[in-house]
Amino acid sequence: ANDNADSLLRRLGVTDAEASAFLRTDPTARRLLDGRAGKMVQARADGNGKLVELVARYAAPDNARREPQFTRLSLTQLEGRWSSRAEVAPLVGQIRLASGTIRSSLFAATDESRIPDAVAVQMAEIFAADIDFHRELRKGDSFSVVYEAMTADGEPVTWTVPTGRVLSAEFVNDGKAYHALWYTDATGRGAYFGFDGQSKRRAFLASPMEFSRVTSGFAMRFHPILQTLRAHRGIDYGAPYGTPVRSVGDGVVEFAGWQNGYGNVVKIQHGKERSTLYAHLSR
């Protein structure tokens, strides 16, 4: 976001005042530094650090209206003169395989494996009935995933575009392996199933919050009256104000309002024997 022509070329290992001036003054080349950050840039330089060629790829302006597309911005030099060209090309879907190991968080592991955030979120949702990704991740947990990816000239895109579906996944949590495969029936309807043939859609989810980059949780809390740490029989989640909360299962709203000690509360009855309560809600 803070890049200018000089800093961008410097990060690419290029030292070329003439190329930097062209980036600042040419109307087409200036698009590289205009607009939103996140453009993918590749450069080729000679042994003296002079720029030979530069190619940038980023989302096309009307990407949402047509088939997925991207903009390719090229800077080339011919007979000592720089020229620029911008064109729109289609994104191409590819099947990709990736894997990783949890060291600190799921997103840190997927970032390291160059897996898009949307794929990481899909993976967390697929196993939402098996694993509470806010509280039950362990260092050393591992995963493998096969997914559809959109690519620009063979490079996985990093900007927001329609993300392909996860086709299969394995997640090993605390030594136990969970599997999921996407299956489409004759009517075109699809769902995820385990190797045992059972649907991954269960009656109850492991967590009332969709997985995101911001997660925290704890099992003990400081009692404000007794002034001691006490076991907390519910589950606390730390999340930004306004984060959506979802019911962990189908049911009927039994109460929605204010309760002393709990603040804004929603209580949901799931059949005759089970109910869940969601407290301390912002609204």
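Asker: Could you give an account of empty space enclosed by the protein, with specific residues and numbers?
Answerer: Considering all chains together, one arrives at 1 cavity of 30 Å³ or more under this definition. The volume enclosed by the largest cavity comes to roughly 60 Å³. Forming the walls of the largest cavity are 12 residues, and the residues nearest its centre are Ala124, Ala128, Ser207, Met209 and Arg246.

Asker: Give me the lowdown on the layout of surface pockets, citing residues and values where you can.
Answerer: Each pocket or cavity is described by its volume, and for the largest pocket that value is around 970 Å³. The wall of the largest pocket is formed by 30 residues, among which Ile235, Asp236, Tyr278, Ala279 and His280 lie closest to the centre. Secondary-structure elements contributing two or more residues to the lining of the largest pocket are β12 (229–237) and β15 (274–281). Its residues assigned to classes, the lining of the largest pocket shows 17 nonpolar, 9 polar and 4 charged.

Asker: Account for the pairing of strand β13 (residues 252–259), with residues named and values stated.
Answerer: Within β13, only 0 of the 8 residues are buried, which leaves it mostly out in the open. The sheet contact formed by β13 and strand β14 (residues 263–270) spans 7 bridges and is antiparallel. The partner of Val252 across the bridge, within β14, is Gln269. The antiparallel pairing of β13 with β14 creates a hairpin that spans 3 residues between the two strands, and Gly261 there sits at a positive phi of about 90 degrees.

Asker: Just give me the short version of helix α2 (residues 17–25), but keep the residues and values in it.
Answerer: Here α2 has its buried residues at Ala19, Ser20, Phe22 and Leu23. Angularly, the buried residues of α2 cover 160 degrees about the axis, an arc narrow enough to put them on a single face. With respect to the buried face of α2, the exposed residues turned more than 90 degrees away are Ala17 and Thr25. Packing partners of the buried residues in α2 comprise α1 (5–11), β2 (51–59), β3 (69–78) and β4 (81–90).

Asker: Requested: an account of the pairing of β3, with residues and values cited.
Answerer: Moving residue by residue along a regular strand, the side chains alternate between the two faces of the sheet. Within β3, 7 of the 10 residues are buried, which leaves the element mostly enclosed by the surrounding structure. Alignment of β2 against β3, held across 7 bridges, turns out to be antiparallel. In the sheet register, Val55 faces β3, and the bridge partner there is Ser74. Note: β3 against β4, 10 bridges, orientation antiparallel. Across the sheet, the residue bridging to Thr76 is Ser83, located in β4. Hairpin connection, β3 to β4: the antiparallel pair is bridged by 2 residues, and Glu79 has positive phi, about 50 degrees.

Asker: Explain the environment of Arg274 to me, and be specific about the residues and the numbers.
Answerer: Topologically, Arg274 is positioned in strand β15. On the basis of relative accessibility, which here comes to 53%, the residue Arg274 falls in the exposed class. For the pair Arg274 and Gly251, spaced 23 residues apart in the sequence, the C-alpha separation amounts to 9.5 Å. The residues touching Arg274, leaving out its near neighbours within four places in the chain, are Phe204, Ile268 and Gln269.

Asker: Break down the sheet that holds β3 for me, with residues and values.
Answerer: Strand order across the open sheet formed by 4 strands is β1-β2-β3-β4, with antiparallel pairing between neighbours. At either end of the open sheet lies a strand with only one pairing partner, and these are β1 (40–45) and β4. Across the sheet, the mean angle from the axis of one strand to that of its neighbour is 15 degrees, orientation sign disregarded. Both β1 and β2 contribute to a ladder of 6 bridges, which runs antiparallel. Across the sheet, the residue bridging to Ala45 is Leu51, located in β2. Sheet contacts for α2: β2, β3 and β4; angle to β4, the most-contacted strand, approximately 55 degrees.

Asker: Describe in detail the side chain of Asp130, supporting the description with residues and values.
Answerer: As for its position among the elements, Asp130 is in the loop between α4 (117–126) and β6 (142–152). Polar contacts involving the side chain of Asp130 include one to the side chain of Lys200, which spans 2.8 Å. With residues near it in sequence (within four places) discarded, Asp130 still touches Glu136, Tyr178, Lys200 and Arg202.

Asker: Outline the nonpolar core, supporting the account with residue identities and numerical values.
Answerer: Phe127, Val145 and Phe171 are the most contacted members of the largest nonpolar core, which totals 22 residues. Breaking this core down by element, the ones donating at least two residues are α3 (106–112), α4, β6, β8 (166–173) and β9 (176–184). In this view, Phe127 contacts Phe133, Ala169, Glu170, Phe171, Tyr178, His179, Ala180 and Lys200; residues no more than four positions away in its chain are not counted. With 16 residues, the next largest nonpolar core counts Ala5, Leu9, Leu23 and Leu75 among its residues.

Asker: Could you give an account of the pattern of salt bridges, naming the residues involved and the relevant values?
Answerer: Evaluated as defined, the whole model comprises 12 salt bridges. In this structure, Arg11 engages Asp3 in a salt bridge whose closest nitrogen and oxygen atoms are separated by 2.4 Å. Given the relative accessible area of 29%, Asp3 is considered partly exposed. Between Glu254 and Lys267 there is a salt bridge whose closest N-O contact spans 3.3 Å. Here the residue Glu254 occupies a position in strand β13, and Lys267 occupies one in strand β14, the gap between them amounting to 13 residues. Judged by its relative accessible area of 46%, Glu254 is partly exposed. What emerges from the salt-bridge pattern is a single network uniting Arg57, Arg72, Arg85, Glu87 and Asp153.

Procedures and definitions
Residues numbered from 1 in each chain as written. Predicted model: local features only at pLDDT ≥ 70, side-chain atom pairs only at ≥ 80, totals over all residues. Heavy atoms only, no water. 1 Å grid on protein atoms, 1.4 Å probe; cavity = no way out; pocket = protein on both sides within 12 Å on 5 of 7 lines; lining within 4 Å. Points joined across faces, edges and corners; volume = space filled by probe spheres on them. Helix = DSSP H or I, 4+ residues; strand = E, 2+ residues; numbered from the N terminus. Nonpolar A, V, L, I, M, F, W, Y, C, P; charged D, E, K, R; others polar. Buried < 20%, exposed > 50% of the residue type's maximum accessible area, 1.4 Å probe, protein only. Pairing = 2+ DSSP bridges. Arc of directions from axis to C-beta. Contact = heavy atoms within 4.5 Å. Axes fitted to C-alpha atoms, helices over the stretch in contact; angles between N-to-C directions. Polar contact = N/O pair within 3.5 Å; in protein donor to acceptor, adjacent residues only side chain to side chain. Core = buried A, V, L, I, M, F, W, Y, C linked by side-chain atoms within 4.5 Å. Salt bridge = Lys/Arg side-chain N within 4 Å of Asp/Glu carboxyl O.

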